[in-house]
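Notes for the structure review
This is what each chain is made of:
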Amino acid sequence: MIRCREIHKRFGSLEVLRGIDLDVARGEVVAVVGPSGAGKTTLLQILGTLSQPDSGTVEIEGRTVGKLTTRELVRLRNERIGFVFQFHHLLPEFTARENVMIPALIGRRSRAAAERRADELLALLGVSHRAAHKPAELSGGEQQRVAVARALMNDPAVIFADEPSGNLDSVNREELHRLFFDLRDRFGCTFVIVTHDNDLAAMADRRIAMRDGRVVGAE
């Protein structure tokens with residue numbers, strides 16, 4: 001599903017990634033762990049095509065990201081990749097339903113089709129009763145479920161999540177963790193999750209440990 005080789009990334013004089021090799025299988029849930037400053041988020045952004053490496057290659061479903069045109073890259077990101085972040089990044093002026101619809105509208109699906117799909121996902125994630133509410137009117141757990149629904153909107157092949165439960169209480173955190181595995185089983189999505197949460201890392205199919213810009217262990 002994902003293959004990267006010899007990924008290097010530098011910010012000024014600081015070398016953040018120092019030759020990362022990583023393979024992720026389709027349908028796998030992978031947790032990337034390590035101390036702050038290990039390069040986890042930088043790696044996730046590169047795998048998710050939000051950032052480019054200084055050197056090395058990233059392939060997603062057999063396509064070399066560095067060889068794609070800007071148009072092809074935008075289409076790949078919209079159609080095949082979903083993102084969930086620690087801070088939900090919902091647009092405050094839109095309702096939960098409208099936030100979920102945004103990726104479909106960007107992909108030029110009809111508004112009616114986008115709305116139907118958004119309502120299906122909000123129901124699946126247990127927040128359909130909050131569809132007409134704006135983010136400020138939602139709890140933290142509800143906001144993050146809406147963000148997950150948005151990530152699923154275009155049926156992505158892979159979802160990249162960066163500390164997705166970092167701002168949640170213990171109950172909502174456990175529910176979100178179980179939700180990821182339920183979604184993998186239901187939709188066959190691949191998940192790559194950066195986390196400091198030991199419970200989530202223990203649940204994952206594989207745990208990738210990073211330190212000082214390198215992969216130092218996998219289990």
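In what follows, the structure referred to is the one given above.
Reading the values: rules and limits
Residues numbered from 1 in each chain as written. Predicted model: local features only at pLDDT ≥ 70, side-chain atom pairs only at ≥ 80, totals over all residues. Heavy atoms only, no water. Axes fitted to C-alpha atoms, helices over the stretch in contact; angles between N-to-C directions. Helix = DSSP H or I, 4+ residues; strand = E, 2+ residues; numbered from the N terminus. Parallel < 35°, antiparallel > 145°, perpendicular 65-115°, else oblique. Left-handed = near helix turned anticlockwise from the far one by under 90°. Contact = heavy atoms within 4.5 Å. Phe/Tyr/Trp six-rings, centres within 6.5 Å; stacked < 30°, edge-to-face > 60°. Buried < 20%, exposed > 50% of the residue type's maximum accessible area, 1.4 Å probe, protein only. 1 Å grid on protein atoms, 1.4 Å probe; cavity = no way out; pocket = protein on both sides within 12 Å on 5 of 7 lines; lining within 4 Å. Points joined across faces, edges and corners; volume = space filled by probe spheres on them. Nonpolar A, V, L, I, M, F, W, Y, C, P; charged D, E, K, R; others polar.

**Here's the deal with the packing of helix 5 (residues 140–152) against helix 6 (residues 170–187)**
It is the contact of helix 5 with helix 6, at a shortest axis distance of 11 Å, that shows an interaxial angle of 20 degrees. Here helix 6 runs roughly parallel to helix 5, going by the angle between their axes. In terms of crossing hand, the pair formed by helix 5 and helix 6 is right-handed. Of the residues in helix 6, those in contact with G141, Q144, R145, V148 and L152 of helix 5 are N172, E175, L176, L179, F180, L183 and F187.

**Topic: the packing of aromatic side chains**
The tally for this structure, following the rule as stated, stands at three aromatic pairs. Between the aromatic rings of F180 and F191, the centroid separation amounts to 5.2 Å while the plane-to-plane angle is 45 degrees, which identifies the pairing as tilted. Highlighted residues: F180 in helix 6 and F191 in strand 8 (residues 190–194), separated in sequence by eleven residues. Judged on exposure class, the residue F180 and its partner F191 are both buried. One aromatic cluster is present, built from ring pairs that chain together F83, F85 and F160.

**Side note on the layout of surface pockets**
When its volume is computed, the largest pocket comes out at roughly 400 Å³. Taken together, 18 residues line the largest pocket, and the ones lying closest to its centre are I81, F83, P103, I106 and R150. Of all the secondary-structure elements, those providing two or more residues to the lining of the largest pocket are helix 2 (70–80), strand 6 (81–85), helix 3 (96–106) and helix 5. In terms of residue class, the lining of the largest pocket is made up of eleven nonpolar, five polar and two charged. Estimated volume of the second largest pocket: approximately 280 Å³. Every residue lining the second largest pocket is listed: R71, E72, V74, R75, N78, E79, I106, G107 and R108. Of the residues forming the lining of the second largest pocket, the biggest block, six residues, is contributed by helix 2.

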